[in-house]
Amino acid sequence: MAMSAWDRPWCASLTTENLGQEIEVVGWVRRRRDLGGLVFVDLRDRTGIVQLVFETEMISDGEKLSSEDVLKIQGTVRKRADGQANSDLPTGEIEIRVSACDVLTQAETPPFVVEDDTNASEELRLKHRALDLRRPVMASNLVLRHRVVAEARRFFDEMEFLEVETPILTKSTPEGARDFLVPSRVHKGEFYALPQSPQLFKQMLQVAGIGRYVQIARCFRDEDLRADRQPEFTQIDVEASFITEEDIYLLIEGLFGRIFPMMGIDPPETFPRLSYRECMERFGSDRPDTRFGLELVELGPLCEGCGFRVLESAAEEGRVKGILVPGGAALSRKQLDGLTEFVKPYGAAGVLWFKLTGEGITSPAKKVLGEDGCRRFLEAAGAGEGDLLLVIGASENVVFSALGALRVHLGGERKLIPDGRHDFLWVTDFPLLEYSADAGRFFAMHHPFTAPLPEDEALMETDPGAVRARAYDVVMDGVELGGGSIRIHRADTQRRMFAALGIDGAEAEERFGFLLEAFRYGVPPHGGIALGLDRMIMLMAGRDSIRDVIAFPKTTSASCLLTDAPSGVDALQLKELGLKI
Ligand code: ASP
């Protein structure tokens, strides 16, 4: 009864529709139970499990099996005995009565039990990744990832985009993170850079007339890692010609409308749009989580001449804003001290608090501001009885980042995010340039090919910090899923952008010469976007770590526990490359 491998059913595909069929299945032993006169075995493949029964003359075969042995079995699909059906499993009503069992390989005792519920450390899981990926929850993340990519490819194909591959061994790209370098053997002392994104090539493809480009592209950035960052990651990278921001919004809203419903998430047909400025003022973040309130309130004007020096000077030299926490007056002194500790890493000295209760107002500022002074702050924030007002005064950057983080922290802690709610939005009108006091110059907030808003172009020399960009980010539930921009296509604007960034002609030539050269012979207006695939899958799968949706990820110290990369190389290899360590 040998079957072609391609006709063989997956374990979890068998249902009552297969009753009576003689079939062959393959998989790994998840668990064996001996019931005297019967042996039950759960057989697992990437789709899930099916129950095998070894009876009569097959019992001794069943008794020999242990976890993770690899089997090929033949048998008949039958209904489980009364009272034995398991409605939690797709195959829960059936079992296979085994008539032949071929143990293809025997497994040693694995270092952890292969089950969704595991208490194995992540280190152990990464080291034994093949076992880890055998866990159904991990396999289902890979399935989801595949389905999303397949659907995205279908979508872009329908939209007449071409998938074009771009080089991995290349030159530094303009995203501005640290590069990974690869030494050249042929050109000793010279290096390739791994691409931080296909940015220059996708623009080049527009000059080449491709018009609509997409790539599931691997990108490399040598940055400090966090839970949602990896040194190599995947983008759905998009670029198109003769388009505006509106076309990008339409495209990505269309794509999300195809992808997210796979996990029962229905994005709206059009996403709300918020300007960067509005995001910062209301949420203290350029990737706001709008699923709950706790918006920032303006308190600056109240501080003038209020008598509290710290607030007065913060309002004068920086900003004073607050968050009203409904019902927050119940927070203990210790909890409030905890909030001060929470904001310190963001550069704030602490949080000033005001409580309004039935007994009146309490606040550490009461001695200086008096009851009335305090009341003015609470009233400005719209406080009612039982509420708490948290205030930070500092430089604008610190106020935004500290209150932005505090808001997200409180939203989570106070369970303010309604179950099952998902918010999608566009952030628009980013600043074109960002001033770095450390470096004493402006940097491109996105990258140097991002176009300024036409109405702000005149400010590029006089007030560079005030110029807004034709850049946009797409945000879901407080997570940036992607970003892009309409690009500069005029040589004079590009020159002014380089000048604002302090990049002279020679440097521009050295870094981006090949693109600028191509631009001389007819460049179409163009723009694009890149979506972070790993993050998107992480959100869709409801996971907290990006590592759970990448087959072979690196740890937060950028090493691969499976292969032990990075690792030393032998002396001969170094010599061939002309390198000394
Ligand atoms: N290359 C940009 C990035 O990776 C995205 C874009 O501008 O299309 O952030």
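One structure accompanies this document, and this report is about it. Keep in mind that this is a model prediction, so the values were computed, not measured.

So, about the pattern of salt bridges. For the coordinates displayed, the defined rule picks out 52 salt bridges. Arg 135 serves as the salt-bridge partner of Asp 132, at 2.6 Å between the closest nitrogen and oxygen. When sorted by exposure, Asp 132 lands in the same class as Arg 135, which is buried. A salt bridge links Glu 151 to Arg 258; the nearest nitrogen and oxygen atoms lie 2.6 Å apart. Of this pair, Glu 151 sits in helix 4 (residues 136–158) while Arg 258 sits in helix 6 (residues 245–259), placing them 107 residues apart in sequence. Here Arg 258 falls in the partly exposed class, since its relative accessible area comes to 28%.

Turning our attention to the packing of aromatic side chains. Inspection of the entire model under this criterion finds 19 aromatic pairs. Centroid distance Phe 155 to Phe 156: 5.3 Å. Interplanar angle 80 degrees. Geometry classified as edge-to-face. On the basis of relative accessibility, which here comes to 1%, the residue Phe 156 falls in the buried class. Measuring from centroid to centroid gives 5.3 Å for Phe 271 and Phe 424, while their planes differ by 35 degrees, and the two rings are tilted. Taken as a pair, Phe 271 in the loop between helix 6 and strand 11 (273–275) and Phe 424 in strand 17 (residues 424–428) lie far apart in primary sequence, 153 residues in all. Both residues of the pair, Phe 271 and Phe 424, count as buried. Among the aromatic residues, those joined into a cluster by ring pairs are Tyr 249, Phe 256, Phe 260, Phe 271, Phe 424, Trp 426 and Tyr 472. Its end group placed over the ring of Phe 292, Arg 407 keeps NZ or CZ at 4.1 Å from the ring centre. A cation over a ring is seen here: Arg 441 above Phe 443, with NZ or CZ 3.9 Å from the ring centre.

Here the focus is the sheet that holds strand 13 (residues 319–325). The strand order across the open sheet formed by five strands is 12-13-16-14-15, and the pairing between neighbours is antiparallel. Each edge of the sheet is formed by a strand with only one pairing partner; in this case those strands are strand 12 (296–298) and strand 15 (360–362). For this sheet the average axis-to-axis angle between neighbouring strands, irrespective of direction, equals 25 degrees. Inspection of the sheet shows strand 12 paired to strand 13 by three bridges, in the antiparallel sense. Across the sheet, Glu 298 pairs through a bridge with Lys 321, a residue of strand 13. The sheet strands contacting helix 10 (residues 333–343) are strand 14 (352–357) and strand 16 (388–394), and the helix crosses strand 16 at an angle near 30 degrees. Contacts from helix 12 (residues 396–413) reach strand 12, strand 13 and strand 16, with the element oriented near 10 degrees to strand 13.

Looking now at helix 6. Counted at 1.5 Å a residue, the expected span for helix 6 with its 15 residues is 21 Å, and the 21 Å between its end C-alpha atoms agrees. Of the positions making up helix 6, those classed as buried are Glu 245, Ile 248, Tyr 249, Leu 251, Ile 252, Glu 253, Leu 255, Phe 256 and Ile 259.

Bringing the site of the ligand into the picture now. Near the ligand you find 14 residues, and of these Glu 175, Gln 199, Lys 202, His 446 and Arg 487 are the closest. Contacts to the ligand include His 446, whose side-chain N or O atom sits 2.8 Å from an oxygen atom. Residue Arg 487 places a side-chain N or O atom 2.8 Å away from an oxygen atom belonging to the ligand. Protein contact buries 91% of the 270 Å² of open area that the ligand shows by itself. Looking at the shell around the ligand, the elements that each hand over two or more residues are helix 5 (199–207), strand 21 (479–486) and strand 22 (526–532). Per element, the largest residue contribution to the shell around the ligand is three residues, and it comes from strand 22. Partitioning the shell around the ligand into residue classes produces two nonpolar, eight polar and four charged.

Attention now moves to unusual backbone geometry. Excluding glycine, a negative phi dihedral is what most residues carry, and trans is how most peptide bonds are arranged. The linkage connecting Ala 565 with the following residue, Pro 566, adopts the cis geometry, with an omega of 0 degrees. Tracing the sequence through the fold places Pro 566 in the loop between helix 16 (533–541) and helix 17 (571–577).

A few words now on the pairing of strand 16. Walk down a regular strand and you will see the side chains alternate between the two sheet faces. The element strand 16 is largely enclosed, with a buried count of six among its seven residues. Where strand 13 and strand 16 come together, seven bridges link them in antiparallel fashion. Note on strand 16: the bridge partner recorded for Arg 319 is Ala 394. Alignment of strand 14 against strand 16, held across four bridges, turns out to be antiparallel. Following the sheet pairing, Phe 354 is matched in strand 16 by Leu 389.

The next point concerns the environment of Phe 498. Inspection of the secondary structure puts Phe 498 in helix 14 (residues 491–500). Separated by 191 residues in the primary sequence, Phe 498 and Gly 307 place their C-alpha atoms 47 Å from one another. Apart from residues lying up to four places away in sequence, Phe 498 is in contact with Pro 448, Phe 449, Ile 503, Ala 508, Phe 512 and Leu 516.

With respect to the helices and strands, Glu 95 occurs in strand 5 (residues 94–105). At a separation of 2.8 Å, a polar atom in the side chain of Glu 95 contacts the side chain of Gln 51. The contacts of Glu 95, once residues within four sequence positions are left out, are Phe 40, Gln 51, Val 53, Thr 76, Val 77, Arg 78, Lys 79, Arg 80 and Gln 84.

Before going further, it helps to examine the packing of helix 5 against helix 15 (residues 505–519). Where helix 5 meets helix 15, the axes come as close as 10 Å, and the angle between the chain directions of the two elements is 15 degrees. Classified by the interaxial angle, the pair formed by helix 5 and helix 15 is roughly parallel. When you trace helix 5 past helix 15, the crossing you get is left-handed. Only Phe 512, Phe 514, Leu 515, Ala 518 and Phe 519 of helix 15 make contact with helix 5, whose side of the interface consists of Leu 200, Gln 203, Met 204 and Val 207. Counted by class, the contact of helix 5 with helix 15 contains eight nonpolar, one polar and no charged residues.

Here is what the cut-offs are and how they apply
- Residues numbered from 1 in each chain as written.
- Predicted model: local features only at pLDDT ≥ 70, side-chain atom pairs only at ≥ 80, totals over all residues.
- Heavy atoms only, no water.
- Salt bridge = Lys/Arg side-chain N within 4 Å of Asp/Glu carboxyl O.
- Buried < 20%, exposed > 50% of the residue type's maximum accessible area, 1.4 Å probe, protein only.
- Helix = DSSP H or I, 4+ residues; strand = E, 2+ residues; numbered from the N terminus.
- Phe/Tyr/Trp six-rings, centres within 6.5 Å; stacked < 30°, edge-to-face > 60°.
- Lys NZ or Arg CZ within 6 Å of the ring centre and 35° of its normal.
- Pairing = 2+ DSSP bridges.
- Axes fitted to C-alpha atoms, helices over the stretch in contact; angles between N-to-C directions.
- Contact = heavy atoms within 4.5 Å.
- Expected span 1.5 Å × (residues − 1).
- Near = heavy atom within 4 Å.
- Polar contact = N/O pair within 3.5 Å; in protein donor to acceptor, adjacent residues only side chain to side chain.
- Areas by Shrake-Rupley, 256 points an atom, 1.4 Å probe, with all protein chains shown as cover.
- Nonpolar A, V, L, I, M, F, W, Y, C, P; charged D, E, K, R; others polar.
- Parallel < 35°, antiparallel > 145°, perpendicular 65-115°, else oblique.
- Left-handed = near helix turned anticlockwise from the far one by under 90°.

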